[in-house]
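# Commentary on secondary and tertiary structure
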Amino acid sequence: MATFFGEVVPVFSRAVDDDDDDEEEEEEVTDENEEDLAIRRELERQREVHVSWNSEISPSTGTSSDKLFPCSNFVLAVGHNAAGFMSTYILNSGRWEVAGSAKVWNERCTKSNRRPGSLSTDSSCVFYCMVSDPTTLVCQCTSHVAEDQQFQWCEKVFGCLEKTHLKVTVLSTCPVASYKTTESVFTLPVPFLKALSTMESTQDASCSPLEQPNIVDGLPAAVLSYCQVWEIPAVLYQCYTDAIKLDSITIDAFKPVLSHQNLRCFSTDTSNSIEILKKIVTSEEIQSNLYT
């Protein structure tokens, strides 16, 4: 800037300076993008669903790159109460062996040491195979499967199962406040069951169907949608409850599903179900106590 009239001031091209500035900004943006991409790739790697199968199970149900489980009956329990029902009335009947697991990681999964009798699966879903009938597979999933992991979970789990004669049953819970009805929620006999089936399912459900405009979400919805696309007969039993934690009354609300054709084979011996149910509920209460 001139300090007096007539002073000669050297002129600098601002275009060159702007170009240099633009190049520097582009380099900074490129560096930031590369860092963001690296972080995004690492998060995607951590959020992958890892399915592993037990190599010690019988060869008839073993899996490899070119062999699938000859599964005819698959039962999935999502949530602590549904998993508690499975432990009490299904895994209690007959002999079962661990067939594998599906591990997930997300913001709502917590890693903790699993105690004996606890339903916590350390951020994983555990698969069990019936010894007397290797084509029967059940799964307890008490960990949260995020929205971006649900399709991947279905792809990897059902990608290992033979779908020719496959029938699927899903057990899940939902807050009764989410149930949409013209009646007052206070007059409903909570907890209660509602069923939602795929078009391929021809068997009658063990309870009344879920009415519109009610919807289901989470992993149960993803599994039911997957079965609908692949034309797999599937039934979802949704238990509406006012209990937040593991509850014996909510667990017993699932008992009508044992009359369903796909689950009749499990109700062979339930003589000690009451003792097992008390043990499960008591164990969870002790584990959730801050002062123990």
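Rules behind the numbers
- Residues numbered from 1 in each chain as written.
- Predicted model: local features only at pLDDT ≥ 70, side-chain atom pairs only at ≥ 80, totals over all residues.
- Heavy atoms only, no water.
- Phe/Tyr/Trp six-rings, centres within 6.5 Å; stacked < 30°, edge-to-face > 60°.
- Helix = DSSP H or I, 4+ residues; strand = E, 2+ residues; numbered from the N terminus.
- Buried < 20%, exposed > 50% of the residue type's maximum accessible area, 1.4 Å probe, protein only.
- Pairing = 2+ DSSP bridges.
- Expected span 1.5 Å × (residues − 1).
- Contact = heavy atoms within 4.5 Å.
- Axes fitted to C-alpha atoms, helices over the stretch in contact; angles between N-to-C directions.

On to the packing of aromatic side chains, then. Enumeration over the complete set of coordinates arrives at 12 aromatic pairs. Judged by centre distance (5.6 Å) and plane angle (40°), the ring pair of F85 and F254 falls under tilted. With F85 in helix α2 (residues 80–90) and F254 in the loop between α5 (248–252) and α6 (273–287), the pair connects residues that are 169 residues apart, well separated along the chain. The same class applies to F85 and to F254, which are both buried. With a centroid separation of 5.1 Å and an interplanar angle of 75°, the aromatic rings of Y179 and F192 are classed as edge-to-face.

Two elements, strand β1 (residues 50–53) and strand β3 (residues 96–103), share four bridges in a ladder whose sense is antiparallel. Note that in β3 the partner of W53 across the bridge is G100. Where β3 lies against strand β4 (residues 124–130), seven bridges are found, and the strand directions are antiparallel. Of the residues in β4, the one forming a bridge with E97 is C129.

Let us now look at helix α4 (residues 218–229). The end-to-end C-alpha distance of α4, which contains 12 residues, comes to 17 Å, matching closely the 16 Å that a straight helix rising 1.5 Å per residue would cover. Among all positions of α4, only L219, P220, A221, A222, V223, L224, Y226 and C227 are buried. Those residues of α4 that are buried lie in contact with β2 (73–78), β5 (136–141), α3 (147–158), β6 (167–175), β7 (192–197) and β8 (234–241).

Take the sheet that holds β5 next. Whether parallel or antiparallel, the strands of a sheet pair through hydrogen bonds between backbone atoms. Spatially, β1-β3-β4-β5-β2-β6-β8-β7 is the arrangement adopted by the eight strands of the open sheet, whose pairing is mixed. With partners counted over all chains shown, the strands left at the sheet margins are β1 and β7, one partner each. Sheet twist, expressed as the mean angle between neighbouring strand axes with direction ignored, is 20°. Across the face of the sheet, α2 comes into contact with β2, β3, β5 and β6 while running at roughly 130° to β2.

On their own, these measurements won't tell you what the molecule is for.
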